[in-house]
Amino acid sequence: YPILHGLEKDGFVTSYEEAAEGRTRKYYRLTEAGKGELAKQTERWNAYAAAVHKVLNGGACCAGV
């Protein structure tokens, strides 16, 4: 999972291994830095989605034309 490995390298997630059903499984958990990054990216996504919604509903361009 290259994306998870990158997030771990950047300090946004930590991982740990645990035995379950006879296999070793790897679990990931958000760090405090990861929670902050998630909040920042969520805010960016919401702004983008709102702009797209506005365009699709005719409000971003040429409203008075």
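The coordinates are above.
Below, the structure is looked at part by part. Numbering of residues begins from 1 in every chain and follows the order in which that chain's sequence is written. Two thresholds apply to this predicted model, a pLDDT of at least 70 for residue-level local features and 80 or more for giving and counting side-chain atom pairs, whereas whole-chain, interface and lining totals are computed over all residues. Each side-chain value is worked out from all heavy atoms of the structure, with water and hydrogens disregarded.

1. Some remarks on the overall build of the protein chain
Helix numbers and strand numbers start at the N terminus; a helix is a DSSP run of H or I with at least 4 residues, a strand a run of E with at least 2. Looking only at helices and strands, the protein chain has two helices and two strands in total. Counting from the amino terminus, helix and strand elements in the protein chain follow one another as α-β-β-α. Relative to the compact-globule value of 11 Å for 65 residues, the protein chain shows a C-alpha radius of gyration of 19 Å, a clear excess of over 25%. Principal axes of the C-alpha set define a box for the protein chain whose edges measure 65 × 25 × 15 Å. Sorting the 65 residues of the protein chain into buried and exposed places 6% on the buried side. Residue contacts are counted whenever heavy atoms from the two residues lie within 4.5 Å of one another. The long-range fraction of contacts in the protein chain, counting pairs at least 24 apart against all pairs at least 6 apart in sequence, stands at 5%. Accessibility throughout is a Shrake-Rupley quantity obtained with a 1.4 Å probe, and a residue counts as covered only by protein chains that appear here. With an accessible surface of roughly 5,600 Å², the protein chain has 57% of that area assigned to carbon and sulfur atoms. The charged-residue count follows a simple rule in which Lys and Arg add positive charge and Asp and Glu add negative charge, with His and chain termini not counted at all. By convention, charge coordinates are those of NZ in Lys, CZ in Arg, CG in Asp, or CD in Glu. For the protein chain, the distance from the average position of its 9 positive side-chain charges to the average position of its 8 negative side-chain charges is 5 Å. C-alpha atoms define the radius of gyration in this analysis, and the globule rule sets the expected value at 2.2 Å times the number of residues to the power 0.38. Relative accessibility thresholds used throughout: buried, under 20% of the residue-type maximum; exposed, over 50%; partly exposed, between the two (1.4 Å probe, protein chains only).

2. Regarding the packing of aromatic side chains
Two aromatic rings from Phe, Tyr or Trp, using only the six-membered ring of Trp, form a pair when their centres are within 6.5 Å; if the ring planes differ by under 30 degrees the pair is stacked, by over 60 it is edge-to-face, and anything between is tilted. Here the structure, examined in full by the defined rule, presents two aromatic pairs. With a centroid separation of 5.4 Å and an interplanar angle of 20 degrees, the aromatic rings of Tyr-16 and Tyr-27 are classed as stacked. Here the residue Tyr-16 occupies a position in strand 1 (residues 13-20), and Tyr-27 occupies one in strand 2 (residues 23-30), the gap between them amounting to 11 residues. Look at Tyr-16 and you get partly exposed, because its relative accessible area is 31%.

3. As for the pairing of strand 1
Two strands qualify as a pair provided DSSP detects at least 2 bridges between them. Alignment of strand 1 against strand 2, held across eight bridges, turns out to be antiparallel. Bridge pairing in strand 2 links Ser-15 to Tyr-28. Joining the antiparallel neighbours strand 1 and strand 2 is a turn of two residues, in which Glu-21 adopts a positive phi near 55 degrees.

Read these as spatial facts, not as claims about activity.
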